[in-house]
Amino acid sequence: MLNIFEKRFPSELNRNDEYYMSHAYNQALIAWEKDEVPIGAVVVQAGQIIASAHNQTRRTLDPTAHAEILAISQAAKYIGDWRLNECKLYVTKEPCPMCSGALVVSRIQGVYFGLNDPKMGCLGGAIDLSNLPSSNHKFKVKGGILKKETHALLNAFFEKKRAEKKEKEAH
Ligand SMILES: [Zn+2]
């Protein structure tokens, strides 16, 4: 399935939220190229990207192969500790219940996402797992980074999928 979206090349000089989200976005593009739902994530420690992943559920036939889960595992392996309390995760869409839960138990320092998800998002969209009443691990959450871009990408993917399905049904 062809992709009309282009890779982002953020300036190395300005490592802000948009810089890291651009790298997550580029991971989402890789997912699209593999016909996966285009969601990408990166983990950042001390300003460095230490893990990058994209959604792989279709190819691996694994419902847990979300970009965030894969990036969390990669990051933990890289730093040699299951605690990611000095790490931030950037992901193109608000994390689902599973990924939000994994972020809570990984003791992540902060989560930054693009598009919010009022249906399944669990960092403020449907509910907020970053702020469980009795948990002593609460973390910073910020949404809406490259919102327009991440929204356009997902929208176009699903539109294309719907068109393909229609065409199939017509034949
Ligand atoms: Zn998820």
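Above: the structure in question.
Report follows, based on the coordinates.

Scanning the protein chain for helices and strands turns up five helices and five strands. Beginning at the N terminus, the succession of helices and strands in the protein chain can be written as α-β-β-α-α-β-α-β-β-α. Expressed as lengths along the three principal axes of its C-alpha atoms, the size of the protein chain is roughly 55 × 40 × 30 Å. For the protein chain, the share of sequence-separated contacts (at least 6 apart) that also reach a separation of at least 24 residues comes to 53%.

Another point: the sheet that holds strand β2 (residues 48-54). The mixed open sheet is built from five strands, whose spatial order is β2-β1-β3-β4-β5. The strands lining the two open edges of the sheet, one partner per strand, are β2 and β5 (140-142). Across the sheet, the mean angle from the axis of one strand to that of its neighbour is 15°, orientation sign disregarded. Relative to β5, strand β4 (residues 110-115) runs parallel, the two being bridged by three bridges.

Right, let's talk about the packing of helix α3 (residues 67-79) against helix α4 (residues 97-105) for a bit. Contact pair α3 / α4: the axes reach a minimum separation of 9 Å and the direction vectors enclose 25°. When the axis of α3 is compared with that of α4, the two are roughly parallel. In this structure, the crossing between α3 and α4 has a hand that is left-handed. Here Glu68, Ile69 and Ile72 of α3 lie close against α4, whose contacting residues are Cys99, Ala102 and Leu103. Broken down by class, the residue content of the contact of α3 with α4 amounts to five nonpolar, no polar and one charged.

Conventions we followed
Residues numbered from 1 in each chain as written. Predicted model: local features only at pLDDT ≥ 70, side-chain atom pairs only at ≥ 80, totals over all residues. Helix = DSSP H or I, 4+ residues; strand = E, 2+ residues; numbered from the N terminus. Contact = placed C-beta atoms within 7 Å. Pairing = 2+ DSSP bridges. Axes fitted to C-alpha atoms, helices over the stretch in contact; angles between N-to-C directions. Parallel < 35°, antiparallel > 145°, perpendicular 65-115°, else oblique. Left-handed = near helix turned anticlockwise from the far one by under 90°. Nonpolar A, V, L, I, M, F, W, Y, C, P; charged D, E, K, R; others polar.

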